[in-house]
Amino acid sequence: MTSKVETVPAAAPAERPVRRRSFARRHEAAIYGTFAVVLLIAVWEFTWQMRWISPLFFSGPTAVALRFWELATTGSLLADAAYSGQNFFIGFFLALAVGVPLGVLLGWYRRLFLFCDPLVSALYAMPRIALYPLFIIWFGIGSGSKIVIVFLSAMLPILINTLAGVRNIDPDLLKAARAFCATDRQIFVTVALPYSVPFILTGVRQGVAHGLIGTIIGELFAGSEGIGYMISYAGQMFQTDTLLVGVVCTAAAGMVLTAAAERLRRRFQKWRPEHVGGQ
Amino acid sequence: MNNAGAAAAGGATPAAKLVIDHLSYRYYLEREEREFLAFSDVSLTIGEGEFVCVVGPSGCGKTTLLNVVAGLLPYDEGRLTINGRTVNRPGTDRSMVFQNASLLPWRSALANVRYGMEMQRRFAGELMDRRAQELINLVGLSGFETRYPSELSGGMQQRVNLARALATDPDVLLMDEPFAALDAQTREFMQAELLKIWTQTRKTVLFITHQIDEAAFLADRIVVMGMRPGRIKQEFRVPFARPRALSLKRNPQFLALCDDIWRLIEEEAERINVIRGER
Ligand SMILES: Nc1ncnc2c1ncn2[C@@H]1O[C@H](COP(=O)(O)OP(=O)(O)O)[C@@H](O)[C@H]1O
Ligand SMILES: [Mg+2]
């Protein structure tokens, strides 16, 4: 220590090892979430076992689980999942590749924003799925039209959020950067981009959800493959258990992917103060 | 107030570092489609190593003046020279300490101190690291290098803000009410600390405040601004010897000086009928 400053707050922080937050507190999110799901399934299974539910209209957890096993081992579940998954991922990554750079550009260049805003707003406000019949005409009823609808569904939330991030940059930070003679390029890299990362990742999270909707609805509409098709076909045959297998698989995929996106968002926000609202 | 500036020139004035020469600044009010004269015909010469404070009622154009000197607001009436060269945009010869700390929230304290140097690209990477650490030590933040701004108190954030400004080794340090947002105790403390640091670095300082005792404690010279439009009313030379201790604030001579300045400002406030009970 060469510093001669002897001020009170200048002392190095105490070295006392701090107690780690308890296991329960660290895994709070997982614990509360799991509890809710387990409770729901328990109630559902109970009503199923009591035969309060007709298999014609709905099914029970054990029946769905059994059906899942059957379909996964001997049926076409894996092939359907692979088909849907492939469409989803291709569409989603295209959405990411276009949505982020476009959002940054629109956020950064005011005139470009003014130029594109009406189109973007219109596309964002309308249900993109309404365009799907058009895509079938253009790209056929196979993978092509499905990738396009996933792309469009996922791209807009990513674009809108990225744009909002860049446009909302704290003016004080821009002022500080300018005062230190930062060039536009430096401001872009050191302020605009890091500032919008959390916004981009929020967009990614919404994009995942919207992209999944696009995937399934596209298959409900037309075609003969994929989880959406499986759901639609089972519905026509009154196979409620098969139908629910499709629904559960979709929900599970959605949860895993959104959780991954949320994790990524937190990783980039470790500088943020923790949640301050009510417990 | 018609007697000439109280003590404009007394004793040997050091070489002029910063010359503000008949400077005016107008904001353009877009909605009202008219100009607003923020300050008018301000002339002020600050010598090498001099500490000058500007005080005045809130809204008299202090921040605007400082922003113009920083080069953030381009002026078109009057002249501004530093080391004899006319300036009208940000330069490496000036550094600004902002009223809001304006730190990048995703950078650690140390990385924030580096920021100004990084933008100016005048220092080698290794030198930036060394200087950043030295400055952290100088402002008494050893041990807090890795903290994010959200993990620092207001006073500590302002220390980082100050360290960032000093790190680029400017000729002139511009400070805009850097302690205004701090609690009274921390503020006093930071004033003493600032003087200590200033004694070690001997920068030319232009310091804005609306706190008269702060100005009288810190400055070699105090410039009082009036308003509508903002302009210089009177100058006071501060006669107290350095180093100054906080106990100086209880010295009767000190209190008398504060009183003189206070009366001047009060008069001004009365003149335009906007006493806001602020000191
Ligand atoms: N960006 C701006 N546009 C228009 N008027 C402004 C702007 N910033 C400040 N002003 C006006 O200029 C005057 C001086 O403001 P400012 O320099 O912030 O005063 P001070 O720092 O002394 O409180 C005020 O009347 C304020 O309303
Ligand atoms: Mg101000």
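Now for a look at the structure at hand. (Residues numbered from 1 in each chain as written. Chains lettered and ligands numbered in written order. Predicted model: local features only at pLDDT ≥ 70, side-chain atom pairs only at ≥ 80, totals over all residues. Heavy atoms only, no water.)

1. Focus: the overall build of chain A
Step number 1: Of the regular secondary structure elements, chain A holds 11 helices and zero strands.
Step number 2: When the helices and strands of chain A are listed from N to C terminus, the series reads α-α-α-α-α-α-α-α-α-α-α.
Step number 3: What you see for chain A is a C-alpha radius of gyration of 25 Å, clearly larger than the 19 Å of a compact globule of 279 residues, by over 25%.
Step number 4: The principal-axis extents of the C-alpha atoms in chain A amount to approximately 80 × 55 × 30 Å.
Step number 5: Taken across its 279 residues, chain A has 36% of its residues classed as buried.
Step number 6: Counting only contacts in chain A whose residues sit at least 6 apart along the sequence, the fraction spanning at least 24 positions is 69%.
Step number 7: Just so you have it, chain A exposes about 16800 Å², and 69% of that area is on carbon and sulfur atoms.
Step number 8: Within chain A, one finds 24 positive and 15 negative side-chain charges whose respective centroids are separated by 8 Å. (Helix = DSSP H or I, 4+ residues; strand = E, 2+ residues; numbered from the N terminus. Rg over C-alpha atoms; globule rule 2.2 N^0.38 Å. Buried < 20%, exposed > 50% of the residue type's maximum accessible area, 1.4 Å probe, protein only. Contact = heavy atoms within 4.5 Å. Areas by Shrake-Rupley, 256 points an atom, 1.4 Å probe, with all protein chains shown as cover. Lys, Arg positive; Asp, Glu negative; His and termini not counted. Charge placed at Lys NZ, Arg CZ, Asp CG, Glu CD.)

2. Side note on the overall build of chain B
Step number 1: Counting its secondary structure elements, chain B contains seven helices and 10 strands.
Step number 2: The C-alpha atoms of chain B give a radius of gyration of 19 Å, which matches the 19 Å a tight globule of 279 residues would have.
Step number 3: Counting only C-alpha atoms, chain B reaches 55 × 50 × 40 Å along its principal axes.
Step number 4: Counting every position in chain B, which comprises 279 residues, the buried fraction comes to 54%.
Step number 5: Summarising the internal contacts of chain B: among those between residues at least 6 apart in sequence, 70% fall at separations of at least 24.
Step number 6: Put simply, chain B shows about 12100 Å² of open surface, and 48% of that area lies on carbon and sulfur atoms.

3. Observations concerning the interface of chain B and chain A
Step number 1: Between chain B and chain A, the contact holds 37 residues from the first and 30 residues from the second.
Step number 2: Carbon and sulfur atoms make up 65% of the area that chain B and chain A hide from each other, which totals about 2800 Å².
Step number 3: The largest per-residue losses of area from chain B upon contact with chain A belong to W106, Y115 and M119 of chain B, which jointly make up 22% of the total buried on that side.
Step number 4: One can count zero salt bridges joining chain B with chain A.
Step number 5: Remark: the boundary between chain B and chain A carries four residue pairs in polar contact (both at pLDDT 80 or more).
Step number 6: Only β6 (94-97), α2 (109-120), α3 (125-138), α4 (154-167) and α5 (184-201) of chain B provide two or more residues apiece to the side of chain B that touches chain A.
Step number 7: Take the side of chain B that touches chain A: its biggest share by element is five residues, from α2 of chain B.
Step number 8: Its residues assigned to classes, the side of chain B that touches chain A comprises 15 nonpolar, 14 polar and eight charged. (Buried area = accessible area lost by both parts, 1.4 Å probe. Salt bridge = Lys/Arg side-chain N within 4 Å of Asp/Glu carboxyl O. Polar contact = N/O pair within 3.5 Å; in protein donor to acceptor, adjacent residues only side chain to side chain. Nonpolar A, V, L, I, M, F, W, Y, C, P; charged D, E, K, R; others polar.)

4. Remarks on the side chain of T64 of chain B
Step number 1: Within the fold, T64 of chain B resides in helix α1 (residues 62-70).
Step number 2: Ignoring sequence-local partners within four residues, the contact set of T64 of chain B consists of Y25, Y27, A38, F39 and L73 of chain B.

5. A short note on the sheet that holds strand β5 (residues 85-86) of chain B
All names here are of chain B.
Step number 1: The strand order β2-β1-β4-β5 describes an open sheet built from four strands, whose pairing is antiparallel. Looking along the sheet, the strands with just one partner apiece sit at the ends: β2 (34-47) and β5.
Step number 2: In this sheet, β2 lies alongside strand β1 (residues 16-29) in antiparallel orientation, the contact comprising 10 bridges. Residue pairing across strands places L23 opposite V42, the latter belonging to β2.
Step number 3: Across the sheet, α1 is in contact with β1, β2 and β4 (77-82); its angle to β1 comes to roughly 115 degrees. (Pairing = 2+ DSSP bridges. Axes fitted to C-alpha atoms, helices over the stretch in contact; angles between N-to-C directions.)

6. What about the packing of helix α4 (residues 77-108) of chain A against helix α7 (residues 143-167) of chain A?
Residues and elements named next belong to chain A.
Step number 1: In contact at an axis separation of 6 Å, α4 and α7 are set at 30 degrees when each is read in the N-to-C sense. One element, α4, and the other, α7, form an angle in the roughly parallel class. Both α4 and α7 take part in a crossing whose hand is right-handed.
Step number 2: Here the residues of the contact of α4 with α7 are counted per class, giving 22 nonpolar, seven polar and two charged. (Parallel < 35°, antiparallel > 145°, perpendicular 65-115°, else oblique. Left-handed = near helix turned anticlockwise from the far one by under 90°.)

7. Observations regarding the environment of T73 of chain A
All names here are of chain A.
Step number 1: Along the chain, T73 falls in helix α3 (residues 61-73).
Step number 2: A polar atom in the side chain of T73 sits 2.7 Å from the backbone oxygen of W69.
Step number 3: For T73, the side chain forms a polar contact with the main-chain oxygen of E70, separated by 3.3 Å.

8. Concerning the site of ligand 1
All names here are of chain B.
Step number 1: In the region of ligand 1, the neighbouring residues are Y27, L29, F36, S58, G59, C60, G61, K62, T63 and T64.
Step number 2: G59 places a polar main-chain atom, nitrogen or oxygen, 2.7 Å from an oxygen atom of ligand 1.
Step number 3: The fraction of the free accessible surface of ligand 1 (560 Å²) that becomes covered by protein chains is 62%.
Step number 4: Those elements that place two or more of their residues in the shell around ligand 1 are β1 and α1.
Step number 5: Per element, the largest residue contribution to the shell around ligand 1 is three residues, and it comes from α1.
Step number 6: Tallied by class, the residues present in the shell around ligand 1 amount to four nonpolar, five polar and one charged. (Near = heavy atom within 4 Å.)

9. Section: the sheet that holds strand β7 (residues 172-176) of chain B
All names here are of chain B.
Step number 1: The six strands lie next to each other as β6-β7-β8-β3-β9-β10, forming an open sheet whose pairing is mixed. Among the strands making up the open sheet, the edge pair consists of β6 and β10 (231-237). If you compare each strand with its neighbour and ignore which way they point, the axes differ by 20 degrees on average.
Step number 2: Where β6 and β7 come together, four bridges link them in parallel fashion. For R94, the partnering residue across the bridge sits in β7 and is V172.
Step number 3: Of the strands in this sheet, β6 and β7 are in contact with α4, which crosses β6 at around 175 degrees.
Step number 4: The strands that α5 touches are β3 (51-55), β7 and β8 (204-208); relative to β3, the one it contacts most, it runs at about 145 degrees.

10. Some thoughts on the pairing of β3 of chain B
Residue and element names in this part refer to chain B.
Step number 1: Along β3, five of the five residues are buried, which leaves the element largely enclosed by surrounding structure.
Step number 2: A two-sided burial pattern is seen for β3, the buried positions comprising F51, C53 and V55 on one face and V52 and V54 on the other.
Step number 3: Bridge analysis of β3 against strand β9 (residues 221-226) gives four bridges, and the strand direction is parallel. Its bridge partner lying in β9, C53 is registered against I222.

11. Observations concerning the side chain of R128 of chain A
Residues and elements named next belong to chain A.
Step number 1: Along the chain, the position of R128 falls in the loop between α5 (110-125) and α6 (132-139).
Step number 2: D117 is the oppositely charged side chain nearest to the buried, salt-bridge-free R128, at an N-O distance of 13 Å.
Step number 3: Here the side chain of R128 touches S153 through a polar contact of 3.3 Å, landing on its backbone oxygen.
Step number 4: Side-chain polar atoms of R128 contact the side chain of H210, separated by 3.4 Å.
Step number 5: Sequence-distant contacts of R128, defined by excluding residues within four places in its chain, comprise L123, I149, L152, S153, L156, P157 and H210.

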